[in-house]
Amino acid sequence: MQTTQVYAVNREQANCLEVRTTELPAPPAGHARVRVEAAGVSYGDLLFQRGVIPGGPKAPFVPGCDVVGVVESVGDGVTTLRPGDRVAALVVSGGYTTGITLPAERLVPVPDGVDPVNVAAVSLNYFIAYQMLHRVAKVRSGQSILVQGAAGGVGLAFLQLAEHIGGVTVFGTASATNLDVVRRHGAVAVDYRNEDFANAIRDSVGAVDAAFDPIGGPHFWRSYSVLRNRGGRLVAYGQSEALRGGKRNMAVGAMGFLGGIILPNLRPDGRRTGFYNAWALEKKQPRAYGEDLAQVLDLLSADKIAPRSIATLPLRDATEAFAQLERGVTGKLVLTCTE
Ligand SMILES: NC(=O)c1ccc[n+]([C@@H]2O[C@H](COP(=O)([O-])OP(=O)(O)OC[C@H]3O[C@@H](n4cnc5c(N)ncnc54)[C@H](OP(=O)(O)O)[C@@H]3O)[C@@H](O)[C@H]2O)c1
């Protein structure tokens, strides 16, 4: 099968994407070859390309962490999938493509009637928010949480999924123009440019049970500082602060890890910190991937979750998608991959 892929060929500037065509061989045993219909674009794709995420893929690589498409053929021994089935998957990289071969167990069936663009728009963001809420912090009704960047793609996923838990007090940080979005989802909105979220939390509930932070740098420590003693949990999951205005700042990233994640864990105050990524639970909870992605797709199918807005671009315009990520995107960008 002829496949078009978009490669990030260096880590110096975002304008580094190249379209390449290759032949995708027949799938080996246990795998399926998928004709990709849509792929999500995430700020993390840019962070990977710029090399600010430790352990991320190195150029040249194909960015993109989520794909949705139709099974085109299956290898020997695959009994759970048939050609024609629509499936979704999360991948560490490789999403910006018209075709991909993956182990069959990575492919999660998409419920009938759900638009593939919508699937690509929710898969990664809602999957990670779901896992951090339910499997890492185990947030329950009656608890309070802090969501940093609450009007962003992942932030909004936290707000919507916390609404489904019910009875959770949510503090969400955002810019002034985004405060209404945060409030519409029942959260206490804090203007992070003009207010101190720590004061807002202390004045209201004293401390929170969990904080979710994608910003990094000194933010990790500040988010940790509002956790309640004995049981409070910081879930760090991003490093936006390590790339500001298109410039890498590895020192900020490293200091954030040291001061906000590693050192706090040495304090005997009963608060815990940790860094989550979408693959963090795979070894200890191997069934979580399939169960949680299926749960997200069911919520989408039932119209219980939705990104703020969705914009699409053809795969060949991935360079424009990266330029938009650099400028700042409101809502979710999705590449359409059918040529
Ligand atoms: N660990 C993983 O597996 C994983 C997977 C996917 C994404 N991520 C990470 O998740 C993060 C968010 O991704 P996304 O797609 O949701 O990005 P996004 O849609 O661009 O949202 C980012 C939000 O961060 C907010 N923000 C920026 N600086 C802030 C600050 N100082 N305080 C509070 N909020 C601030 C912005 O808020 P305003 O617009 O209101 O200013 C923006 O809405 C990225 O760092 C990404 O790498 C991690």
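**Student:** Teacher, can you tell me more about the overall build of the protein here?
**Tutor:** Within the protein, the regular secondary structure consists of nine helices and 17 strands. Relative to the globule expectation of 20 Å for 339 residues, the C-alpha radius of gyration of the protein, 20 Å, shows essentially globular dimensions. Counting only C-alpha atoms, the protein reaches 60 × 40 × 40 Å along its principal axes. Within the protein, the fraction of its 339 residues that count as buried is 53%.

**Student:** I would appreciate a short explanation of the environment of Arg-248 in the present structure.
**Tutor:** With respect to the helices and strands, Arg-248 occurs in strand 14 (residues 247–248). Exposure remark for Arg-248: the relative accessible area of 28% places this residue in the partly exposed category. Taking the C-alpha atoms as reference points, Arg-248 and Val-74, separated by 174 residues in sequence, lie 42 Å from one another. Setting aside residues no more than four positions away along its own chain, Arg-248 makes contact with Arg-11, Glu-12, Arg-50, Val-52, Ala-242 and Leu-243. Here the side chain of Arg-248 touches Arg-11 through a polar contact of 2.8 Å, landing on its backbone oxygen. In terms of polar contacts, Arg-248 uses its side chain to reach the backbone carbonyl oxygen of Arg-50, at 2.9 Å.

**Student:** Looking at this structure, I do not really get helix 6 (residues 218–225). What am I missing?
**Tutor:** Spacing of three or four residues puts side chains on the same side of an α-helix, whose turn is 3.6 residues. The complete set of buried residues in helix 6 reads His-219, Phe-220, Ser-223 and Tyr-224. All buried residues of helix 6 lie within an arc of 140 degrees about the axis, which places them on one face of the element. Those residues of helix 6 that are buried are in contact with strand 8 (144–147), helix 5 (197–204), strand 11 (210–213), strand 12 (233–236), helix 7 (250–262) and strand 15 (272–275).

**Student:** Explain the sheet that holds strand 11 to me, please; I cannot follow it from the model alone.
**Tutor:** Strand pairing within a sheet occurs via backbone hydrogen bonds; the two strands may be parallel or antiparallel. Spatial strand order, 10-9-8-11-12-15: six strands in an open sheet with parallel pairing. This sheet does not close on itself; its edge strands, each paired only once, are strand 10 (188–191) and strand 15. Neighbour to neighbour, the strand axes of the sheet diverge by 15 degrees on average, direction disregarded. Pairing geometry for strand 8 and strand 11, over three bridges, is parallel. Opposite Leu-146, over in strand 11, you have Ala-211 as the bridge partner.

**Student:** Can you walk me through the site of the ligand in this structure?
**Tutor:** Near the ligand you find 28 residues, and of these Gly-153, Val-154, Ser-175, Asn-178 and Tyr-192 are the closest. Here His-219 contributes a side-chain N or O atom positioned 3.4 Å from a nitrogen atom of the ligand. Here Tyr-276 contributes a backbone N or O atom positioned 3.2 Å from a nitrogen atom of the ligand. Its free accessible area being 930 Å², the ligand has 84% of it covered by the protein chains. Counting only elements with at least two residues in the shell around the ligand, the list comes to helix 1 (43–49), helix 2 (116–136), helix 3 (153–165) and strand 9 (169–174). Its residues assigned to classes, the shell around the ligand shows 12 nonpolar, 14 polar and two charged. When we break the shell around the ligand down by domain, the ones giving at least three residues each are domain 1 (2–123 + 284–336) and domain 2 (124–275).

**Student:** Would you take a moment to explain the nonpolar core for this structure?
**Tutor:** Note that soluble globular proteins tend to have their nonpolar side chains buried in a common cluster. Ranked by size, the top nonpolar core spans 98 residues in total, and within it Tyr-96, Ile-128, Ile-145, Phe-158, Phe-212, Tyr-276 and Leu-335 carry the most contacts. In this structure, this core is formed jointly by two domains, domain 1 (2–123 + 284–336) and domain 2 (124–275), each of which donates at least three residues. In this view, Phe-158 contacts Ala-129, Met-132, Leu-133, Val-147, Phe-212 and Tyr-237; residues no more than four positions away in its chain are not counted. Core analysis: the next-biggest nonpolar cluster, separate from the first, contains 15 residues, Phe-171, Ala-198, Ile-201 and Val-208 among them.

**Student:** Would you mind going over the packing of helix 2 against helix 8 (residues 288–301) with me for this structure?
**Tutor:** Two measures define how a pair of helices packs: the angle their axes make with one another and the distance between the axes. Orientation of helix 2 relative to helix 8, taken along the N-to-C sense of each, is 120 degrees, at an axis distance of 9 Å. Taken together, helix 2 and helix 8 sit at an angle that is classed as oblique. For helix 2 against helix 8, the interelement crossing comes out right-handed. Along the contact surface, helix 2 presents Asn-118, Val-119, Val-122, Ser-123, Tyr-126, Phe-127, Tyr-130, Gln-131 and Arg-135, while helix 8 presents Ala-288, Tyr-289, Glu-291, Asp-292, Leu-293, Gln-295, Val-296, Leu-297 and Leu-300. Among the residues making up the contact of helix 2 with helix 8, the classes are represented as 11 nonpolar, four polar and three charged.

Here is what the cut-offs are and how they apply
Residues numbered from 1 in each chain as written. Predicted model: local features only at pLDDT ≥ 70, side-chain atom pairs only at ≥ 80, totals over all residues. Heavy atoms only, no water. Helix = DSSP H or I, 4+ residues; strand = E, 2+ residues; numbered from the N terminus. Rg over C-alpha atoms; globule rule 2.2 N^0.38 Å. Buried < 20%, exposed > 50% of the residue type's maximum accessible area, 1.4 Å probe, protein only. Contact = heavy atoms within 4.5 Å. Polar contact = N/O pair within 3.5 Å; in protein donor to acceptor, adjacent residues only side chain to side chain. Arc of directions from axis to C-beta. Pairing = 2+ DSSP bridges. Axes fitted to C-alpha atoms, helices over the stretch in contact; angles between N-to-C directions. Near = heavy atom within 4 Å. Areas by Shrake-Rupley, 256 points an atom, 1.4 Å probe, with all protein chains shown as cover. Nonpolar A, V, L, I, M, F, W, Y, C, P; charged D, E, K, R; others polar. Domains from an automatic or database assignment. Core = buried A, V, L, I, M, F, W, Y, C linked by side-chain atoms within 4.5 Å. Parallel < 35°, antiparallel > 145°, perpendicular 65-115°, else oblique. Left-handed = near helix turned anticlockwise from the far one by under 90°.

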